[in-house]
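Single-letter residue listing:
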Amino acid sequence: MPREAEPSINERAFVLQALEENIRLDGRALDAFRDIDISFGDDYGVADVQLGKTRVLTRISASIAAPYPDRKFDGVFTIATELSPLASPAFEVGRQSDLETHLSRILETTLRRSQAISTESLCLVAGQKVWSLRADIHILSHCGNLVTAASLATLAALRQYRIPDTSIKGGELTVYTPLERDPVPLALLHHPLCITLNYFENGEKMIVDATLQEQQCSEGEVVVAANPQGEVCLVQKGGGGEVDALVLLRAVDVAVGKVRELGKVVDRALEKDSKMRDKGGISAELSAENER
Amino acid sequence: MASKTLVLPGGTISPDILPNPTNPNLLLKLGPGLRHVPPSTITSTVAGLLCIDQKKNAIWVENNSGRYIPQPNDLIIATVHHSSTDFYSCSITPHTTFAQLPQLAFEGATKKTRPQLNSGSLIYARVLTASKHTDPEIVCYNPSTGKSEGMGELKGGMVFNISMGMARRLLMAKQREDGGIAVLEEIAEKVAFEVAVGRNGKVWVKSGGVKETLLVGRALQEADVQGLGVEEQVRLVRKMIRQV
């Protein structure tokens, strides 16, 4: 039966010994990220994030639905995570694992509860029609730090997504195709990201962006979500050994710095993508002239 | 000496390149990656290098596949998962079922002197039997001589993952000539270390300190991932040694 590859006693001892000497197995500094690569699909709202060997793909889609009866002015935003067996032998089809719940709850708190997406802006006709926005997160390869990779992919996809333009005339709703009117970006109020910190030696040592092996050897992890403005959206420490309050404060400081760093990476990726999509206005697009 | 040709899945192997043994009674042996379609067609099922051994009248396809499937006589590095009355259940890869390691399958082990392995211990073992329908059985000694021949519990050190092709090349008798690997020989000139290569894509390294152990492991992984030739490997190792 497939299962998670548990590190052996030797591996565990070696990882801890190396960390004691401030060495990480891949030669990174304790607070360094692995290589981050963000790419977008041909359609709007598909982001593929590679964080070292961890790979997450998020797809945003929108459909029109009826709002919840008690929230007539709010659109719907759902996050669905999918941990397929191709990512790790520990993942099974059709069974919701703890990791899956953990992941979607953290992302939900980070994005929805912090009001990063204003659900009111998704309302079309009060009480009747709203946009139902859905983020499907696919874990393609699991090599540690899924939370950061998933939050990067989801934020990048949300920021890149364009929702169809609509208008209401005489109580009648019209949804325009991309040919009739350019789709519009989503109303995002701020851009939060999650950072995972794993701690060792009773919280004395913190590392950022742990690989799966480091994660398995660590005493516990703290997830901090914040936006580049330095506003903390979530601090979560589920299980693991106890840590000092000051350690948590330090973790938040480190995380905010890292969020700024990652925010810039997302900005750069989006800029590159928009440059690639921009063909130079409608006249350039309609022109039959081509480079010979 | 084996000669090599590139084959693709579904391609037929031309009868001209089949080995010509001096002994006409010797049957042709088909190794991994080949399929016999009666009466006399041989097709390859994977892409890779077709290797031909004239002396043994054997042909097989070598490719860098991703998943390890236990084969008899393979040397592997496994982790003890749990122990039952007579067997240790060991994990070879996370995908396969547990392999059974009899508690007496060690050099000179008797009921009273058998080694005590905890869950999570690393062992270097040989696959005794492996089939599709039963759990593989592994042993830590050579049944014909009763000697351990380097197998047994691996103490200390660190395990690194490498590709299966790399593991096979490392296990060749002439690493530099046949396998095209110079990493270990180069490092050995400067740093002393112990190494055990598992056919399941794992290599165990033990050296004086963390830095030295990491040097060996990372040099192997780099050479593997980047697909370096002998010259480039030598350059890589020199650069890495200078950094340490």
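If you're wondering where the values come from, they're calculated on a predicted model, not measured in any experiment.

A. Summary view of the overall build of chain B. A count of helices and strands for chain B gives 5 helices and 15 strands. A total of 244 residues make up chain B; the buried ones form 45% of that total. Long-range pairs, those at least 24 residues apart, make up 61% of the contacts in chain B with a sequence separation of at least 6. Put simply, chain B shows about 13,200 Å² of open surface, and 52% of that area lies on carbon and sulfur atoms.

B. Fine view of the sheet that holds strand β13 (residues 220-226) of chain A. All names here are of chain A. The strand order across the open sheet built from 4 strands is β12-β11-β13-β14, with neighbouring strands paired in antiparallel fashion. Every other strand in the sheet has two partners, leaving β12 (205-208) and β14 (232-236) as the edge strands with one partner each. Here the strands of the sheet are splayed against their neighbours by 25° on average, with no regard to which way each runs. One ladder, built from 4 bridges, connects β13 with β14; its direction is antiparallel.

C. Representation of the interface of chain B and chain A in the model. The interface of chain B with chain A comprises 25 residues on the first partner and 20 residues on the second. Interface area, chain B with chain A, both sides summed: about 1,600 Å², of which 65% is carbon and sulfur. When the buried surface of chain B facing chain A is broken down by residue, B:Pro94, B:Met158 and B:Val210 rank first, second and third, together holding 37% of it. On the surface where chain B and chain A come into contact, there are 5 residue pairs in polar contact (both at pLDDT 80 or more). Of the residues forming the side of chain B that touches chain A, the biggest block, 5 residues, is contributed by helix α4 (residues 210-226) of chain B. Among the residues forming the side of chain B that touches chain A, the class breakdown is 9 nonpolar, 13 polar and 3 charged.

D. The UniProt feature "domain: Exoribonuclease phosphorolytic" (unreviewed entry) in chain A, seen in detail. Feature annotation in UniProt assigns "domain: Exoribonuclease phosphorolytic" (unreviewed entry) to the following positions: residues 33-164 and 192-256 of chain A. A distance of 10 Å separates the end C-alpha atoms of residues 192-256 of chain A, which is 28% helix and 37% strand.

E. The arrangement of the nonpolar core in detail. Residues and elements named next belong to chain A. Core analysis: the biggest nonpolar cluster contains 65 residues, and Ile 38, Leu 133 and Leu 158 have the highest contact counts within it. Per-element accounting of this core gives the leading share, 11 residues, to helix α5 (residues 245-277). In contact with Leu 133, other than residues within four places in its own chain, are Ile 60, Ser 61, Ala 62, Val 76, Phe 77, Thr 78, Ile 117, Leu 122, Leu 158, Tyr 161, Ile 163 and Leu 186.

F. Highlighting the environment of B:Leu117. Residues and elements named next belong to chain B. For Leu 117, the position within the fold is in the loop between β9 (99-102) and β10 (122-129). Overall, Leu 117 belongs to the buried group, its relative accessible area being 7%. Taking the C-alpha atoms as reference points, Leu 117 and His 82, 35 residues apart in sequence, are found 9.0 Å from one another. If sequence neighbours within four positions are ignored, Leu 117 has contacts with Val 80, Tyr 88, Leu 101, Phe 106, Ile 123 and Glu 153.

G. Structural view of the sheet that holds strand β15 (residues 202-207) of chain B. Residue and element names in this part refer to chain B. Taken together, 3 strands build an open sheet; the order of strands is β13-β15-β14 and the sheet is antiparallel. In the strand order of this sheet, the two ends are held by β13 (158-161) and β14 (193-198), each with one partner. Each neighbouring strand pair of the sheet contributes to a mean axis angle of 25°, computed without reference to strand direction. Pairing geometry for β13 and β15, over 4 bridges, is antiparallel. Across the sheet, Phe 160 pairs through a bridge with Val 203, a residue of β15.

H. Just the UniProt feature "domain: Ig-like" (unreviewed entry) in chain B, in detail. Using the residue numbers shown here, the UniProt feature "domain: Ig-like" (unreviewed entry) corresponds to residues 15-93 of chain B. For residues 15-93 of chain B, the helix share is 0%, the strand share is 44%, and the end-to-end C-alpha distance is 37 Å.

Each value, and the rule that gives it
Residues numbered from 1 in each chain as written. Chains lettered and ligands numbered in written order. Predicted model: local features only at pLDDT ≥ 70, side-chain atom pairs only at ≥ 80, totals over all residues. Heavy atoms only, no water. Helix = DSSP H or I, 4+ residues; strand = E, 2+ residues; numbered from the N terminus. Buried < 20%, exposed > 50% of the residue type's maximum accessible area, 1.4 Å probe, protein only. Contact = heavy atoms within 4.5 Å. Areas by Shrake-Rupley, 256 points an atom, 1.4 Å probe, with all protein chains shown as cover. Pairing = 2+ DSSP bridges. Axes fitted to C-alpha atoms, helices over the stretch in contact; angles between N-to-C directions. Buried area = accessible area lost by both parts, 1.4 Å probe. Polar contact = N/O pair within 3.5 Å; in protein donor to acceptor, adjacent residues only side chain to side chain. Nonpolar A, V, L, I, M, F, W, Y, C, P; charged D, E, K, R; others polar. UniProt positions renumbered as here; feature names shortened; annotations may be inferred. Core = buried A, V, L, I, M, F, W, Y, C linked by side-chain atoms within 4.5 Å.

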